[in-house]
Amino acid sequence: MKVMRTATKERIVALDILRGFSLLGIMIANMLIFHTPYLYIDPYSYFTNAGDQTTFKWITIFVQGSFYPIFAFLFGYGLNMQYEKAVQIGKPYMPLMAKRLSLLLGFGVLHALLLWSGDILFTYAVIGFAMMLLLKLSARWLLSLAIFLYFIPTIGLYVLTKLIESLGSFSLESLTEQSQIAEAVNIYGSGSFMDIFVFRAKEWLIFGVVNTFLVGFIILGIMLFGAACSKWKLIERAADHKLALFISGVFLTAIGLLIKSWPFIAEPTYSNIQLQTTLGGGVLAAGYIGLFLFMTTNQRIATFLQPLANAGRMSFTIYIMQTVIATTLFYGYGFGLYGTIDLWTGTVIGVGIYIAQLLFAYIWFKKFSQGPLEALWRIGIYGVKNN
């Protein structure tokens, strides 16, 4: 596995490539919420024209719910790397890790309140504090906990939704209120910054903070799986496990795609969609991880994917930049395009923004060794002098 030395530390290129790849999927999935009142609709009935239906179908199957798990896996992987580094040099890891997570928590709150209610940094920081207490465990214990925390809530949620459906005529459409859709379009599309701020804060408290604790155990399970793989040095030793990575990647991708397609194959009941998101999303993410790690063992492919590695090196900057650009395009204090474009156009815009970010990252690293927000992050942790 190729390791690149920078001015600050050694970097594992495959890890950066995987992180950069996840940022592409996150952008495509987030675009649904950036320009559409997605949180308030039943997407299976809301989109009526053929183009929107097709775009929604393919985003749902291949992208949505399958890239944040990759990011969570890498987050857990990185936390364990930091833990092992602290142990290696004989320094206590708790104080520094707590400082990192507290700073991430602060960034997450600011991001959610000032830019976008779909923030994930707050969630990762909260769950990271639980992770911090478990990193001393062996890889086998971490894996056992990961399996338990991922599958028990997933199965429980599925059984619960099936039970709710059996009690009466429950459907996704029953959760949809036209007044909420109209309010979201009106405020985000033409409201002032203060109007949007108030609406966004309520949205974050309802969908963001509450969701952190509702699905927190599932996310913790994914992070623990990442930490276990980090102890086994899965990414660093990918070349030693090429065949296993390829076979598992193909198998899990196929199973993941089947589960994620199920609401379209059968019917889009609440329980089927729940299974699609919580189980299918994670399984497909594992498949993507296996296939990408297999590909990065080939030097030519790894070189071809270097632009993704550049994005991965400044993932914090790229993630926040995506929010800034998208909200400027779609919100009332910017160009006010919210609710006015179709899904295909929104997806093309999202991919276009990501390509522009790859170019930005390439130019930036010609001169600097860290992304701009990454440098600010390190100053917050270590101070100006040590950075």
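Residues numbered from 1 in each chain as written. Predicted model: local features only at pLDDT ≥ 70, side-chain atom pairs only at ≥ 80, totals over all residues. Heavy atoms only, no water.

**What about the overall build of the protein?**
Our working rule: In DSSP terms, a helix is any run of H or I states spanning at least four residues, a strand is any run of E spanning at least two, and both are numbered starting from the N terminus. We call a residue buried when its accessible area falls under 20% of the maximum for its residue type, exposed when it is over 50%, and partly exposed in between, using a 1.4 Å probe and counting protein chains only. Should any heavy atoms of two residues lie within 4.5 Å, those residues are considered in contact. Every accessible area reported is derived by Shrake-Rupley at a probe size of 1.4 Å, with residue values counting cover from the shown protein chains alone. For this count, His and the chain ends are skipped, Lys and Arg are scored as positive, and Asp and Glu as negative. Charge positions are represented by NZ for Lys, CZ for Arg, CG for Asp and CD for Glu.
The helix and strand inventory of the protein stands at 17 helices and two strands. Overall, the protein is about 60 × 45 × 40 Å in size when its C-alpha atoms are taken along their principal axes. Burial status across the protein gives 48% buried among its 387 residues. If you take every contact in the protein between residues at least 6 apart in sequence, the share linking residues at least 24 apart comes to 82%. Carbon and sulfur atoms provide 69% of the accessible area of the protein, an area that totals close to 18,100 Å². Between the averaged position of the 26 positive side-chain charges in the protein and that of its 17 negative side-chain charges there is a distance of 20 Å.

**Some words on the environment of M321**
Examined against the element boundaries, M321 turns out to sit in helix α15 (residues 315-330). In this structure, the C-alpha to C-alpha distance between M321 and L167, residues 154 residues apart in sequence, is 45 Å. Setting aside residues no more than four positions away along its own chain, M321 makes contact with Q357 and F360.

**Considering unusual backbone geometry**
Here the phi dihedral of K233 falls at roughly 60°; this positive angle occurs in a residue that is not glycine. Positionally, K233 belongs in the loop between α10 (216-231) and α11 (242-265).

**Description of the nonpolar core**
Burial of nonpolar side chains together is a common tendency in soluble globular proteins. Counted only if it meets this: By convention a nonpolar core is built from buried Ala, Val, Leu, Ile, Met, Phe, Trp, Tyr and Cys residues, the set being connected through side-chain atoms within 4.5 Å.
One finds I70 and Y124 to be the most contacted residues of the largest nonpolar core, which totals 99 residues. Ignoring anything within four residues of it in the chain, the contact list for I70 reads L18, F21, S22, A285, Y288 and I289.

**Examining the pattern of salt bridges**
Any two side chains of opposite charge can pair, given that their charged atoms come close. Our working rule: Any Lys or Arg side-chain nitrogen located within 4 Å of an Asp or Glu carboxyl oxygen qualifies as a salt bridge.
Tallying each qualifying case throughout the model produces two salt bridges. A salt bridge links D16 to R19, with the shortest nitrogen-to-oxygen separation between them at 3.1 Å. Taken together, the residues span about one helical turn, with D16 and R19 both in helix α1 (residues 13-35) at a distance of three residues. One exposure class covers both D16 and R19, and it is buried. Between E84 and K233 there is a salt bridge whose closest N-O contact spans 2.7 Å. With E84 in helix α4 (residues 68-89) and K233 in the loop between α10 and α11, this residue pair connects regions lying 149 residues apart in the sequence. Exposure remark for E84: the relative accessible area of 25% places this residue in the partly exposed category.

**As for the side chain of R100**
Mapped onto the fold, R100 is located in helix α5 (residues 93-114). Buried charge R100 goes without a salt bridge, the closest partner of opposite sign being E374 at 11 Å. In this view, R100 contacts Q82, W377, I381 and Y382; residues no more than four positions away in its chain are not counted.

**Quick look at the confidence of the model for the protein**
Note that predicted coordinates carrying low pLDDT should not be read in detail. Selection criterion: Note: pLDDT gives the predictor's confidence per residue, expressed from 0 to 100.
Per-chain confidence: the protein averages 92 in pLDDT, with 94% of residues scoring 70 or above. Residue range residues 2-9 is modelled with pLDDT below 50. Its contacts to residues more than four positions away, or to other chains, number 17 contacts.

**Overview of a nonpolar patch on the surface**
The condition that has to hold: A residue counts toward a patch only above 30% relative accessible area and without a salt bridge, and it is joined to like-charged neighbours within 9 Å or, for Val, Leu, Ile, Met, Phe, Trp and Tyr, to nonpolar neighbours within 5 Å.
A contiguous nonpolar patch, built from L110, L114, F193 and Y333 and spanning about 350 Å² of accessible area, is present on the exposed surface. Relative to the elements of secondary structure, F193 occurs in helix α9 (residues 193-214). The exposure class assigned to F193 is partly exposed, which follows from its relative accessible area of 38%.

**Description of helix α16 (residues 343-364)**
Stated formally: To estimate the expected span of a helix, count its residues, drop one, and scale the result by 1.5 Å. The reported arc concerns the directions from the helix axis to the C-beta atoms and nothing else. For this analysis, a polar contact is any N or O atom pair within 3.5 Å, provided that within protein one partner can donate a hydrogen and the other can accept it, and provided that sequence-adjacent residues contribute only side-chain to side-chain pairs.
In a regular helix each residue adds 1.5 Å, so 22 residues correspond to 32 Å; α16 covers 31 Å between its end C-alpha atoms and thus fits that length. Of all the positions in α16, only L343, G346, T347, G350, I353, Y354, Q357, L358 and A361 are classed as buried. Buried positions in α16, seen along its axis, are confined to an arc of 150° and lie on one side of it. Counted as exposed and oriented over 90 degrees from the buried face of α16: W344, I355, L359 and I363. At its buried positions, α16 is contacted by α1, α3 (50-62), α14 (306-313) and α15. You can read the cap of α16 off the contacts: a side-chain oxygen lies 3.3 Å from the backbone nitrogen of W344, and it is on D342.

**Digging into the environment of H241**
Within the secondary structure, H241 is located in the loop between α10 and α11. For H241, a relative accessible area of 38% gives the class partly exposed. Between the C-alpha atoms of H241 and F294, which are 53 residues apart in sequence, the distance is 8.2 Å.

**A closer look at the environment of V109**
By the secondary structure assignment, V109 is in helix α5. Sequence spacing of V109 and T123 is 14 residues, and the spatial spacing of their C-alpha atoms is 9.7 Å. Discounting chain neighbours no more than four positions away, the residues touching V109 are F122 and W204.

**Thoughts on the packing of α1 against α4**
Angle between the axes and distance between the axes: these two values describe a pair of packed helices. Selection rule: Only the stretch in contact is used when fitting a helix axis, every axis being a line fitted to C-alpha atoms; angles between N-to-C directions are given from 0 to 180 degrees. Put simply, a crossing is left-handed when the front helix is turned counterclockwise from the back one by less than a right angle, and right-handed when it is turned clockwise. Ten residue types, Ala, Val, Leu, Ile, Met, Phe, Trp, Tyr, Cys and Pro, are classed as nonpolar, four, Asp, Glu, Lys and Arg, as charged, and the remainder, Gly among them, as polar.
Where α1 contacts α4, the two axes come as close as 8 Å, and the packing angle between them is 145°. α1 and α4 meet at a crossing whose hand is left-handed. Contacts between α1 and α4 involve L15, L18, R19, F21, S22, L23, I26 and N30 from the first element and Y68, I70, F71, L74, Y77 and M81 from the second. Within the contact of α1 with α4, the residues separate by chemical class into eleven nonpolar, two polar and one charged.

**Structural notes on α9**
Keep this limit in mind: Bend at a residue means the angle formed by two fitted axes: the first through the 7 residues ending at that position, the second through the 7 residues beginning there.
In this model, α9 (22 residues) spans 30 Å end to end at C-alpha, consistent with the 32 Å of a helix rising 1.5 Å per residue. The largest bend in α9 comes to about 35°, at W204. Residues of α9 that are buried: I196, F199, R200, A201, E203, W204, G208, V209 and T212. If you follow the buried residues of α9, they end up packed against α5, α6 (121-132), α8 (178-190) and α10.

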